[in-house]
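Take a look at the letters that make up each chain.
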Amino acid sequence: MLTAGDEGWDEAVLVWNAMVAAKPSLVVQPASDHGLLLSIKGGGNNIAGTALADRGLTLDMSRMREVTVDPAARLAHVGPGCLLQDIDRATQPYGLATVLGFVSETGVAGLTLGGGFGYLTRRFGWAADNLEEAEIVTADGRTRIASRAENPELFWAIRGGGGNFGVVTRFTFRLHEVGPVITGGLAAWSADRADDVLAT
Ligand SMILES: Cc1cc2nc3c(=O)[nH]c(=O)nc-3n(C[C@H](O)[C@H](O)[C@H](O)COP(=O)(O)OP(=O)(O)OC[C@H]3O[C@@H](n4cnc5c(N)ncnc54)[C@H](O)[C@@H]3O)c2cc1C
């Protein structure tokens, strides 16, 4: 990989038409084609270890952990390397949250693409139900938006179908009013009050 100033840069960005003024940020010079399988690693929590492919090329998203919250639109734009804790941390100052899992070290990408359920599922549905949009690079190298309005079949597929449809580069989640103060814990009543409690 070359960036401006590297040895070989000037030749790499030289094209026949000297009037072309485009300046690339990065040049990649493959030396051969290894036919490598591509695997994508989000939080790395998949129990079957599907983030790694034997003798493949692993795209590790762990540095793309940016979360942008739009409190007025009730949306969070989330990088594909985020862990659940990254979203909660960014949305809770606004008293907002989306549906994620129970363990804050889990990856958002694999959890959402596989459906995803957690503390808020009973009230607001699955994580995939709360996905409004995904930016995804499909196998043909094109960057697509998948949402209910755009590429709806691809959107349907990635909400539960796992990582088989492309590389998601951004998730957009719907937010709900939750916290920052919540009531939680175990509520227990004596068995002789069972009729009242169940009726309630
Ligand atoms: C301790 C623990 C607690 C858990 N708790 C919950 C829970 O409460 N609720 C729940 O629903 N699930 C839970 N799970 C299951 C978890 O959601 C899945 O294992 C999920 O796959 C983890 O996602 P990840 O990004 O961390 O995993 P990874 O192993 O990184 O990825 C999982 C799959 O998604 C693919 N993938 C990752 N990133 C992308 C991307 N950007 N684009 C396309 N494909 C991608 C990977 O290639 C891989 O096939 C838990 C798992 C563990 C180990």
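Residues numbered from 1 in each chain as written. Predicted model: local features only at pLDDT ≥ 70, side-chain atom pairs only at ≥ 80, totals over all residues. Heavy atoms only, no water.

(A) Region of interest: the overall build of the protein chain. Assigned secondary structure in the protein chain consists of six helices and nine strands. With 200 residues in all, the protein chain has 32% of them scored as buried. Taking the intrachain contacts of the protein chain between residues at least 6 apart in sequence as the baseline, contacts between residues at least 24 apart amount to 47%. When the accessible surface of the protein chain is totalled, it reaches about 13,500 Å², and 55% of it is carbon and sulfur. Counting 16 positive and 23 negative side-chain charges, the protein chain places the averaged centre of each group 4 Å from the other. (Helix = DSSP H or I, 4+ residues; strand = E, 2+ residues; numbered from the N terminus. Buried < 20%, exposed > 50% of the residue type's maximum accessible area, 1.4 Å probe, protein only. Contact = heavy atoms within 4.5 Å. Areas by Shrake-Rupley, 256 points an atom, 1.4 Å probe, with all protein chains shown as cover. Lys, Arg positive; Asp, Glu negative; His and termini not counted. Charge placed at Lys NZ, Arg CZ, Asp CG, Glu CD.)

(B) Just unusual backbone geometry, in detail. That bond from G179 to P180 is cis: its omega, 10°, falls within 30 degrees of zero. Summarising the element assignment, P180 is placed in the loop between strand 9 (176-177) and helix 6 (194-199). One non-glycine residue, R74, adopts positive backbone phi at about 60°. Accessibility expressed as a relative area gives 32% for R74, which makes it partly exposed. At N151, a position not held by glycine, the phi torsion is positive, near 45°. Tracing the backbone through its elements, the reader meets N151 in the loop between strand 7 (143-147) and helix 5 (152-158). Since its relative accessible area comes to 32%, N151 is described here as partly exposed.

(C) Structural context of the site of the ligand. The full set close to the ligand counts 25 residues, and I40, G42, G44, F102 and F117 are the nearest of them. Within the backbone of I40, one N or O atom sits 2.6 Å away from an oxygen atom of the ligand. A distance of 3.0 Å is found between an oxygen atom of the ligand and a backbone nitrogen or oxygen belonging to G107. When the ligand is considered free in solution it has 970 Å² of accessible area, and contact with the protein chains removes 82% of it. When residues of the shell around the ligand are traced back to their parent elements, those giving at least two are strand 1 (38-41), helix 3 (108-113) and strand 8 (167-174). Broken down by element, the residue count for the shell around the ligand peaks at four residues, all from helix 3. Class assignment for the residues of the shell around the ligand results in eleven nonpolar, 13 polar and one charged. (Near = heavy atom within 4 Å. Polar contact = N/O pair within 3.5 Å; in protein donor to acceptor, adjacent residues only side chain to side chain. Nonpolar A, V, L, I, M, F, W, Y, C, P; charged D, E, K, R; others polar.)

(D) Here's a closer look at the nonpolar core. By size, the foremost hydrophobic cluster in this structure holds 25 residues, and its most contacted members are V78, I87, V108, L131, I158, F171 and F173. When residues no more than four places from it in sequence are discounted, the contact partners of F173 are R74, L75, A76, V78, I87, T98, V108, T112, A127, N130, L131 and E132. (Core = buried A, V, L, I, M, F, W, Y, C linked by side-chain atoms within 4.5 Å.)

(E) Molecular detail of the sheet that holds strand 6 (residues 131-137). With antiparallel pairing, five strands are arranged side by side in an open sheet as 3-4-8-6-7. Only two strands of the sheet have a single partner each, and these edge strands are strand 3 (67-70) and strand 7. Strand-to-strand twist of the sheet, defined as the mean angle between neighbouring strand axes without regard to direction, takes the value 15°. Note: strand 3 against strand 4 (residues 75-78), four bridges, orientation antiparallel. Its bridge partner being in strand 4, T68 is matched across the sheet by H77. Along the sheet face, helix 2 (residues 84-91) touches strand 3, strand 4 and strand 8 and points at about 35° away from the line of strand 3. (Pairing = 2+ DSSP bridges. Axes fitted to C-alpha atoms, helices over the stretch in contact; angles between N-to-C directions.)

(F) Structural detail: the pattern of salt bridges. Taken as a whole, this structure holds seven salt bridges when the rule is applied. Here R148 ties to E132 by a salt bridge, and the two come within 3.9 Å at their closest N and O atoms. Taken as a pair, R148 in the loop between strand 7 and helix 5 and E132 in strand 6 lie far apart in primary sequence, 16 residues in all. On the basis of relative accessible area, R148 is assigned to the partly exposed category, the value being 42%. Here the salt bridges do not stand alone but share partners, grouping E132, R148 and R174 into one network. (Salt bridge = Lys/Arg side-chain N within 4 Å of Asp/Glu carboxyl O.)

(G) Examining a negative patch on the surface more closely. The grouping of D6, E7, D10 and E11 at the surface amounts to a negative patch. With respect to the element layout, E11 can be found in helix 1 (residues 9-12). With relative accessibility at 56%, the residue E11 sits in the exposed group. (Patch = residues over 30% accessible without salt bridge, like charges linked within 9 Å, V, L, I, M, F, W, Y side chains within 5 Å.)

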